[in-house]
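# Reading the structure
Each chain, letter by letter, is given below.
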Amino acid sequence: HIVIDNNLIEYIHVYNHLSCLLLNLTEFSPNKIGRIMRNISHCYHLTRRKFFLSVRIILTGDQNSPPLFLTMAALGKNRCVHRLMTFYIKTIQKP
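Within each chain, residues carry numbers counting from 1 in the order of the written sequence. The predicted nature of this model means local features are confined to residues of pLDDT at least 70 and side-chain atom pairs, given and counted, to a pLDDT of 80 or more, with totals for whole chains, interfaces and linings taken over all residues. Heavy atoms from the whole structure form the basis of all side-chain values; hydrogens and water molecules are not counted.

This paragraph deals with a positive patch on the surface. Residues enter patches when they are more than 30% accessible in relative terms and free of salt bridges; like-charged ones are connected within 9 Å and nonpolar ones (Val, Leu, Ile, Met, Phe, Trp, Tyr) within 5 Å. The accessible surface values rely on the Shrake-Rupley method and a 1.4 Å probe; as for residues, cover is taken only from the protein chains in view. A carboxyl oxygen of Asp or Glu within 4 Å of a side-chain nitrogen of Lys or Arg is what we treat as a salt bridge. We count Lys and Arg on the positive side and Asp and Glu on the negative side, and we leave His and both chain ends out. Lysine's charge is taken at NZ, arginine's at CZ, aspartate's at CG and glutamate's at CD. A cluster of basic side chains, namely Lys 32, Arg 35, Arg 38 and Arg 48, defines a positive patch on the protein surface. By the criteria applied, helices consist of DSSP H or I runs no shorter than four residues and strands consist of E runs no shorter than two, each listed in order from the N terminus. A total of 3 residues in the positive patch trace back to one element, the largest contributor, which is helix H3 (residues 30–43). Structurally, Arg 48 is set in helix H4 (residues 48–60).

See the structure below:
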């Protein structure tokens, strides 16, 4: 289970946006994933380290894993989007 803390909740709508962008990728490769992640962190003025760590925790349940973009490519588009959307939905439904 993922421990939801303020660092994760802080970006809740960003995860929804990330899910949509990932879903639309035709080539789910580490390079394409990385470009999207860097663009989102730039557009939302987020620190990459904190944002990438929060995505890693949502996707893997851990702070440590192989390189994030490789991990995401290995998990696959559907699994990544599902985990991000599940987190998003569970978080917005909390009182």
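This brings us to the packing of H4 against helix H5 (residues 68–75). Axis definition: a line fitted to C-alpha atoms, over the contacting stretch in the case of helices. Angles run 0 to 180 degrees between N-to-C directions. The geometry of H4 relative to H5 is characterised by a closest axis approach of 11 Å and an angle of 30° between their N-to-C directions. One way to sum up the angle between H4 and H5 is to call them roughly parallel. The element H4 and its partner H5 pack so that their crossing is left-handed. Between H4, through Phe 52, Val 55, Arg 56, Leu 59 and Thr 60, and H5, the contact on the second element is made entirely by Leu 68, Phe 69, Thr 71, Met 72 and Leu 75. Taken together, the residues of the contact of H4 with H5 sort by class into 7 nonpolar, 2 polar and 1 charged. The scheme is simple: roughly parallel for angles under 35 degrees, roughly antiparallel for over 145, roughly perpendicular for 65 to 115, oblique for anything else. In this scheme the crossing of two helices becomes right-handed for a clockwise turn of the near helix relative to the far one and left-handed for an anticlockwise turn of less than a right angle. Should any heavy atoms of two residues lie within 4.5 Å, those residues are considered in contact. Note on residue categories: nonpolar means Ala, Val, Leu, Ile, Met, Phe, Trp, Tyr, Cys or Pro, charged means Asp, Glu, Lys or Arg, and polar means any other residue, Gly included.

In this section: the packing of aromatic side chains. Any two rings among Phe, Tyr and Trp, with Trp reduced to its six-membered ring, count as a pair given centres within 6.5 Å; such a pair is stacked if its planes are under 30 degrees apart, edge-to-face if over 60, and tilted if neither. In the structure shown here, the tally under the stated rule is 4 aromatic pairs. By the ring-pair criterion, three or more aromatic residues cluster together here, those being Tyr 15, Phe 51, Phe 52, Phe 69 and Phe 87.

Take H3 next. Each residue after the first adds 1.5 Å to the expected span of a helix. In this model H3 runs 20 Å from its N-terminal to its C-terminal C-alpha over 14 residues, within 8% of the 20 Å that 1.5 Å per residue would give. What H3 keeps buried is the set Ile 33, Gly 34, Ile 36, Met 37, Ile 40 and Ser 41. What you see down the axis of H3 is that its buried residues fit within an arc of 165°, all on one side. Seen from the open side of H3, the exposed residues pointing more than 90 degrees away from its buried face are Asn 31, His 42 and Cys 43. The inward-facing, buried residues of H3 contact helix H2 (12–23), H4 and H5. Once H3 ends, the next one or two residues include His 45, with phi positive near 55°. Only protein chains enter the accessibility calculation, which uses a 1.4 Å probe. A residue is then buried if its area is under 20% of the maximum for its type, exposed if over 50%, and partly exposed in between. This arc is built from the directions going out from the helix axis to the C-beta atoms.

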